[in-house]
Amino acid sequence: MLSHLLHLAGIESIILECRSRQYIEDRVRAGVLEQGTVDLMIETGVGERLQREGLRHDGVWFSFGGRRRRIHLSELTGGRAITVYAQQEVVKDLVQARLDAGGQIVFDVEDLTVRDLDSTRPKIRYRKDGDAHELVCDFIAGCDGFHGICRPTVPDGVITAYERVYPFAWLGILAEAAPTSEELIYTYNQRGFALFSMRSPQVTRLYLQCAPDEDLAEWPDDRVWEELCARMRTEDGWAPAVGPVFQKGVTGMRSFVIEPMQFGRLFLAGDAAHIVPPTGAKGLNLAISDVLTLTRGLEAFYKSGRQDLLDQYSATCLRRIWKVQRFSWWMTSMLHLFPGDDGFDHRRQLAELDYFTSSRAGMSSLAENYVGLPLD
Ligand SMILES: Cc1cc2nc3c(=O)[nH]c(=O)nc-3n(C[C@H](O)[C@H](O)[C@H](O)COP(=O)(O)OP(=O)(O)OC[C@H]3O[C@@H](n4cnc5c(N)ncnc54)[C@H](O)[C@@H]3O)c2cc1C
């Protein structure tokens, strides 16, 4: 997305990706797009398939005590909504748009390193098909995810990390089963949290709270379905439809933010700079808002010689990031069982769910954050 936005602003960039095109286009991850992400994709010409195939949701459900309550997102936010469109589809659309516009994406790079970050000519070295290459850049954007190399290259003492690790994880499946609800359902249950979601009219995406070190071998499909149904079934008889599972994985949960997100001419964006627990469905959307802010800074630099927006990059991003962190942490705290609870948390969580699904003020706050705070 950064490369696409820079191209529209007349700024040249090269993407270096250590995986193959097929790998990144098949990688299953996020699926909930905020209104701002959807609007940006449409406004910048990469939203055609999203508009055709994306599933717009005007509401979201919360299930607890055996009953479901709906929050009408668009009614509470002046018409804003979320759209379910898988991250790998966003990636496919962006890769295609870059290639169609003559953009350079080098896949399968190896041994990538960044250097001279505090000079005006930072460099990237990498190997491709065994040959060594060096790129001399004006700027480097470290968009290489949580396990990338850009953040660890910043000298010690420059960056401070703030972190919370949660005592649980999510076991997620993709199943060939038509969704039995048109909208997402977040379930709070005494057996643990569960989330009903979907990727298309034929594919259901489901998650259940599990241990951080959960062994997938102990979760044959039958057991996963049994547990999902036990947590999600409501008094009115609603339950997810069962079908063949074609993907299964465990996702850890953490909150992580670094400050600042810049060192010299290296700007960190997305998961390289922060991780949110997936409960709020915000990771992809935050990465998009970072690169929009970075594009504006780089545009001002190249078009008017202004440095101030780049200097404020970190502060501008962090103001939004911390609000999104707060929301993701709060949704996580409200919906998961915490080990060692003596009953206090359980009662607090039920009261919180009751309040945020019945008070107009509570529902408005949840809806405003869920469809996405304004971009920049
Ligand atoms: C199971 C799961 C479910 C999720 N659900 C949601 C959701 O519903 N909503 C949501 O908003 N977010 C969700 N997320 C989070 C979301 O996927 C991430 O926040 C998002 O991918 C971050 O984008 P990014 O571009 O910063 O990093 P990434 O998508 O990780 O991209 C980084 C890229 O850099 C490449 N790379 C890494 N190291 C190097 C290197 N040394 N050299 C070259 N290339 C390198 C990687 O191959 C990768 O392609 C989910 C994540 C997971 C794992």
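Structure: above.
Residues numbered from 1 in each chain as written. Predicted model: local features only at pLDDT ≥ 70, side-chain atom pairs only at ≥ 80, totals over all residues. Heavy atoms only, no water.

Novice: Can you walk me through the overall build of the protein chain in this structure?
Specialist: Helices and strands together make up the secondary structure of the protein chain, namely 13 helices and 19 strands. For the C-alpha atoms alone, the extent of the protein chain along its principal axes is close to 65 × 40 × 40 Å. Each of the 376 residues in the protein chain was classed as buried or not, and the buried ones make up 53%. For the protein chain, the separation between the mean place of its 42 positive charges and that of its 52 negative charges on side chains is 3 Å. (Helix = DSSP H or I, 4+ residues; strand = E, 2+ residues; numbered from the N terminus. Buried < 20%, exposed > 50% of the residue type's maximum accessible area, 1.4 Å probe, protein only. Lys, Arg positive; Asp, Glu negative; His and termini not counted. Charge placed at Lys NZ, Arg CZ, Asp CG, Glu CD.)

Novice: Hey, could you run me through the pairing of strand E4 (residues 59-64) in this one?
Specialist: Among the six residues that make up E4, five are buried, leaving the element largely enclosed by the rest of the structure. Alignment of E4 against strand E5 (residues 67-72), held across six bridges, turns out to be antiparallel. Counterpart to Ser 63 in the pairing with E5 is Arg 68. Inspection of the sheet shows E4 paired to strand E13 (residues 185-187) by three bridges, in the parallel sense. Among the inter-strand pairings, Ser 63 is bridged to a residue of E13, identified as Thr 187. (Pairing = 2+ DSSP bridges.)

Novice: Would you mind showing me how to read the site of the ligand here?
Specialist: As a matter of local geometry, the ligand sits amid 28 residues, with Glu 17, Arg 27, Arg 29, Gln 87 and Asp 271 nearest to it. Glu 17 is positioned such that a nitrogen or oxygen atom in its side chain is 2.6 Å from an oxygen atom of the ligand. In the complex, 81% of the free accessible area of the ligand, which totals 1000 Å², lies under the protein chains. Sorting the residues of the shell around the ligand by element identifies strand E15 (203-210) and helix H9 (283-304) as the ones contributing at least two each. Among the elements that line the shell around the ligand, the one with the most residues is H9, at four residues. (Near = heavy atom within 4 Å. Polar contact = N/O pair within 3.5 Å; in protein donor to acceptor, adjacent residues only side chain to side chain. Areas by Shrake-Rupley, 256 points an atom, 1.4 Å probe, with all protein chains shown as cover.)

Novice: Can you help me understand the sheet that holds strand E18 (residues 266-268) in this one?
Specialist: Each strand in a sheet pairs with its neighbour through backbone hydrogen bonds, running either in the same direction (parallel) or in the opposite one (antiparallel). Pairing within the open sheet is mixed, and its three strands lie in the order E11-E18-E17. Every other strand in the sheet has two partners, leaving strand E11 (140-142) and strand E17 (262-263) as the edge strands with one partner each. The pairing of E17 with E18 spans two bridges and is antiparallel. In the sheet register, Phe 263 faces E18, and the bridge partner there is Leu 266.

Novice: Explain the sheet that holds strand E3 (residues 55-57) here, please?
Specialist: Pairing is antiparallel across the open sheet formed by three strands, whose spatial order is E2-E6-E3. In the strand order of this sheet, the two ends are held by strand E2 (32-33) and E3, each with one partner. Alignment of E3 against strand E6 (residues 82-84), held across three bridges, turns out to be antiparallel. The residue bridging His 57 from the neighbouring strand is Ile 82, located in E6.

Novice: What exactly am I supposed to notice about the pattern of salt bridges here?
Specialist: Oppositely charged side chains can form a pair if their charged atoms are brought close together. Applying the stated rule across the entire model yields 26 salt bridges. Of the charged contacts in the structure, one is a salt bridge between Arg 49 and Asp 93, with a shortest N-O distance of 2.9 Å. Here Arg 49 is found in helix H4 (residues 48-53), whereas its partner Asp 93 is found in helix H6 (residues 87-100), with 44 residues between them in sequence. Of the two residues examined, Arg 49 and Asp 93, each falls in the buried class. Where Glu 183 meets Arg 70, a salt bridge forms, and the shortest distance between an N and an O atom there is 2.7 Å. (Salt bridge = Lys/Arg side-chain N within 4 Å of Asp/Glu carboxyl O.)

Novice: Would you mind going over helix H3 (residues 35-43) with me for this structure?
Specialist: Residue pairs three or four apart in sequence face the same way in an α-helix, which turns once every 3.6 residues. Turning to H3, its buried residues number three or more, namely Gln 35, Gly 36, Thr 37, Val 38, Leu 40 and Met 41. Of the residues one or two after H3, Gly 45 is the one with positive phi, at around 85°.

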